[in-house]
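# An overview of the molecular structure
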Amino acid sequence: MKHVAVLTSGGDAPGMNACIRAVVRSAFREGWKVAGVYRGYQGMIENDLIEITQDHVHNTIHRGGTWLKTARSEEFMTVEGRQKAISHLRERGIDAVVVIGGDGSFRGAIALSKEMNIPVVGCPGTIDNDLFGTDFTIGYDTAVNTAVEAVDRIRDTATSHNRLFFVEVMGRDAGFIALRTGIAVGAEAVLIPETVTYIEDLSSKLASDWASQRRSGIIIVAEGDDQGGAVEVAKQVQERFPQWETKVTVLGHIQRGGHPSALDRILASRMGHGAIQALKQGLSSVMVGVKAGQVVYIPFEQATKHHSEISPYLLDLIEALR
Ligand code: ADP
């Protein structure tokens with residue numbers, strides 16, 4: 001019988017609860033025990049763990065956030081911090097760990113697995129969808145749906161007032177939320193960190209839109225765009241193009257919350273179950289991914305070293321349909 005510890009770590013994402021539930025139920029099915037670590041690696045260092053029972057995960061699949069809470073831990077980046085965490089895990093007889101988080105959390109998982117010499121498996125939980133080795137990460141679909149719903153509302157007011165809106169979505173290093181949101185809302189343009197933004201080009205496109213009687217528009221800006229966020233881009237465009245009234249909306253943390261979409265619940269369920277299957281097969285230091293509809297296992301080293309690439313086809317689709 002194994003005694004598995006499960007934690008959520010780094011940025012929170014809708015669907016993490018569904019993933020915890022899947023880990024717990026799949027482990028119970030094997031006759032294993034599961035300990036829940038509160039507040040990610042920081043909780044591990046502070047020995048903030050509980051023995052999970054069926055009651056803990058009952059009625060959680062639909063809830064946003066993570067009931068185990070999440071955190072970032074500077075201390076876990078040090079050998080001393082990790083040794084404290086390892087001593088608490090050893091005292092409890094933990095012999096495997098499932099980490100639900102992003103690439104930072106998986107770097108921590110690599111160190112933990114090496115230094116404690118136990119298997120550690122990861123489930124990709126991040127709204128950014130930037131992890132190599134899986135088509136989608138837990139929380140991404142919900143975040144995109146939240147952004148789309150918000151932009152649809154903005155579109156109504158933009159149309160009524162003949163305004164050009166710059167809507168900032170999350171994505172400090174990755175433009176995946178911006179790209180899919182942009183396609184789904186029919187945006188006039190999408191500005192992302194992976195491509196260079198030329199304000200002159202954007203302004204001249206908008207000028208030709210204006211000349212052809214287009215009187216409202218939506219530009220989606222990822223927060224990490226090279227020209228700065230939506231406020232900065234809107235300012236620069238407005239200077240060059242004063243006749244079109246511009247407005248800015250920063251969507252911010254609403255993209256992290258809310259009930260997970262059906263897609264995220266199903267993905268999280270498959271990944272949580274996949275993590276226990278990986279442990280059962282004797283795998284370690286792998287991330288569970290879903291690629292082309294199949295559950296796959298990607299070594300942490302690969303998942304953390306490479307970045308998911310933006311599809312040129314999807315970028316072109318924005319241009320083709322504008
Ligand atoms: P995410 O998992 O969402 O990418 P972070 O990058 O903040 O979020 O990472 C979460 C936590 O993982 C960090 O606060 C830290 O405790 C741990 N971590 C990140 N990188 C390392 C590393 N190189 N070594 C050990 N722990 C790490």
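The residue count restarts for each chain, going from 1 along the sequence in the order it is written. Whole-chain, interface and lining totals are the exception, using all residues; otherwise, since this is a predicted model, local features are given only for residues with pLDDT of at least 70 and side-chain atom pairs are given and counted only at 80 or more. Computation of side-chain values: all heavy atoms of the structure, hydrogens and water removed.

### Considering helix α1 (residues 16-29)
Our working rule: We count a stretch as a helix when DSSP gives it H or I for four or more residues in a row; a strand needs E for two or more, and each element gets its number in order from the N terminus. Each helix should span, by expectation, one fewer than its residue count multiplied by 1.5 Å. For every residue, the accessible area obtained with a 1.4 Å probe (protein chains only) is divided by the maximum for its type, and the residue is called buried under 20%, exposed over 50%, and partly exposed between those limits. Residue contacts follow a heavy-atom distance rule, with two residues in contact if any of their heavy atoms lie within 4.5 Å.
Its 14 residues place the ends of α1 20 Å apart at the C-alpha level, agreeing with the 20 Å of an ideal helix rising 1.5 Å per residue. Of all 14 residues making up α1, ten are buried, and the element is well covered by its neighbours. The elements touched by buried residues of α1 are β1 (3-8), β2 (33-37), α3 (54-57), β4 (96-101), β5 (120-124) and α10 (262-280). Taken from the residues just after α1, glycine 31 is the one with a positive phi, measuring 85°.

### A look at the domain arrangement of the protein
Convention followed: Where each domain begins and ends is defined by an automated method or by a domain database. Two parts placed together each lose some accessible area; with a 1.4 Å probe, that loss summed over both constitutes the buried area. Here, a salt bridge means any side-chain nitrogen of Lys or Arg that lies within 4 Å of a carboxyl oxygen of Asp or Glu. As used in this structure description, the phrase polar contact means that two N or O atoms lie within 3.5 Å; if the pair is within protein, one of them must be able to donate a hydrogen and the other to accept it, and residues adjacent in sequence are counted only when both atoms belong to side chains. Throughout, the ten residues Ala, Val, Leu, Ile, Met, Phe, Trp, Tyr, Cys and Pro are labelled nonpolar, Asp, Glu, Lys and Arg are labelled charged, and all others, Gly among them, are labelled polar.
What the domain assignment lists for the protein is domain 1 (3-139 + 260-305) and domain 2 (141-256). Computed over C-alpha atoms only, the centres of domain 1 and domain 2 are separated by 34 Å. Every contact between the two is made by 13 residues of domain 1 and, on the other side, twelve residues of domain 2. Both faces combined, the contact of domain 1 with domain 2 buries some 1,100 Å², and carbon together with sulfur accounts for 52% of it. Ranking the residues of domain 1 by area buried against domain 2 places Asp12, Ile127 and Asp128 at the top, with a combined share of 41%. The interface formed by domain 1 and domain 2 holds one salt bridge in total. Notably, a salt bridge pairs arginine 256 with aspartate 12, separated by 3.6 Å at the nearest N-O pair. Summed over the shared surface of domain 1 and domain 2, the result is seven residue pairs in polar contact (both at pLDDT 80 or more). Of the residues assigned to the side of domain 1 that touches domain 2, the class counts are five nonpolar, four polar and four charged.

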